[in-house]
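Understanding the architecture of this molecule
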Amino acid sequence: RSYSYKTKILLCGTYNKEKLKELISNNISLMVFSLKNLREILNACKKTKLKANLHIKINTGMNRLGIKNVNYLIKMLEFINMHNDYLNLEGVFSHLFNCDHASLCKTQYFKFIDYLNVIKEFYKFKGLDYSKLIVHIENSGGLFNHVDFMNVCSMCRIGISLYGLEKYSEDLKPVLSLES
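For the structure given in this document, a descriptive report is provided here.

**Quick notes on the pattern of salt bridges**
Inspection of the entire model under this criterion finds four salt bridges. The salt bridge involving glutamate 40 is made with lysine 17; its shortest N-O contact spans 3.7 Å. Highlighted residues: glutamate 40 in helix α2 (residues 35-48) and lysine 17 in the loop between β1 (9-11) and α1 (20-25), separated in sequence by 23 residues. Linking lysine 126 and glutamate 78 is a salt bridge whose minimum nitrogen-to-oxygen distance equals 3.5 Å. Placement of the pair is lysine 126 in helix α4 (residues 102-126) and glutamate 78 in helix α3 (residues 70-82), with a sequence separation of 48 residues.

**Brief notes about a nonpolar patch on the surface**
Among the surface-exposed residues, Leu143, Ile158, Ile160, Leu162, Tyr163, Leu165, Val175 and Leu176 lie close enough to one another that they form a single nonpolar patch of about 770 Å² accessible area. Inspection of the secondary structure assignment puts leucine 162 in the segment after α5 (140-144).

**Some points on the sheet that holds β1**
Strand order in the open sheet made by the five strands is β1-β2-β3-β4-β5, with parallel pairing throughout. Looking at which strands have only one partner, the edges of the open sheet turn out to be β1 and β5 (134-136). Adjacent strand axes in the sheet meet at a mean angle of 30°, parallel and antiparallel pairs treated alike. Relative to strand β3 (residues 52-57), α3 is tilted by about 175°, and along the sheet it contacts β2 (28-32), β3 and β4 (87-93). Sheet strands touched by α4: β4 and β5. Its angle to β4, the strand with the most contacts, is close to 150°.

**Concerning the environment of lysine 173**
Its place among the elements puts lysine 173 in the segment after α5. Take lysine 173: its relative accessible area is 59%, and that puts it in the exposed class. In sequence terms lysine 173 and tyrosine 163 are 10 residues apart; their C-alpha atoms lie 8.0 Å from each other. Aside from chain neighbours lying at most four places away, what touches lysine 173 is Tyr163 and Gly164.

Rules of the game
- Residues numbered from 1 in each chain as written.
- Predicted model: local features only at pLDDT ≥ 70, side-chain atom pairs only at ≥ 80, totals over all residues.
- Heavy atoms only, no water.
- Salt bridge = Lys/Arg side-chain N within 4 Å of Asp/Glu carboxyl O.
- Helix = DSSP H or I, 4+ residues; strand = E, 2+ residues; numbered from the N terminus.
- Patch = residues over 30% accessible without salt bridge, like charges linked within 9 Å, V, L, I, M, F, W, Y side chains within 5 Å.
- Areas by Shrake-Rupley, 256 points an atom, 1.4 Å probe, with all protein chains shown as cover.
- Pairing = 2+ DSSP bridges.
- Axes fitted to C-alpha atoms, helices over the stretch in contact; angles between N-to-C directions.
- Contact = heavy atoms within 4.5 Å.
- Buried < 20%, exposed > 50% of the residue type's maximum accessible area, 1.4 Å probe, protein only.

Pasting the structure below:
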């Protein structure tokens, strides 16, 4: 963070509660997937008198983290909207877990679209601007395996391909090696 305060950084994993105030103070965007997360972040925001940027994680099939229920999503949206002095919904995302199988990716994509439509309706009902949300599901495997979901996304999270490793592309070269 010391190199640039303006660059967006999203913590895609869980956070250490003891470091929450520090993360918020350093303008690190946080992944949320439960009302418990939101309450913890709200309490930290009130103590620091700062606003947190949030990305809601939608579970579309990986079954590790994320919201699995539309009604729960609406409760989270209501909570964020009710506490918008401290909580800012910056984005919504999911994760493609197996880009070798186009049918699995498409199933995830259509689930994700269903959740996005709920969010769009909520925003419309509340008079909020949906176009400002950062939407992301694409990853390295999705991009290189010709899974094009960028029609609904405004961001892509490249991971392993950043290091020059991607089994779907012969054009990438590894940036590191390990020898012993």
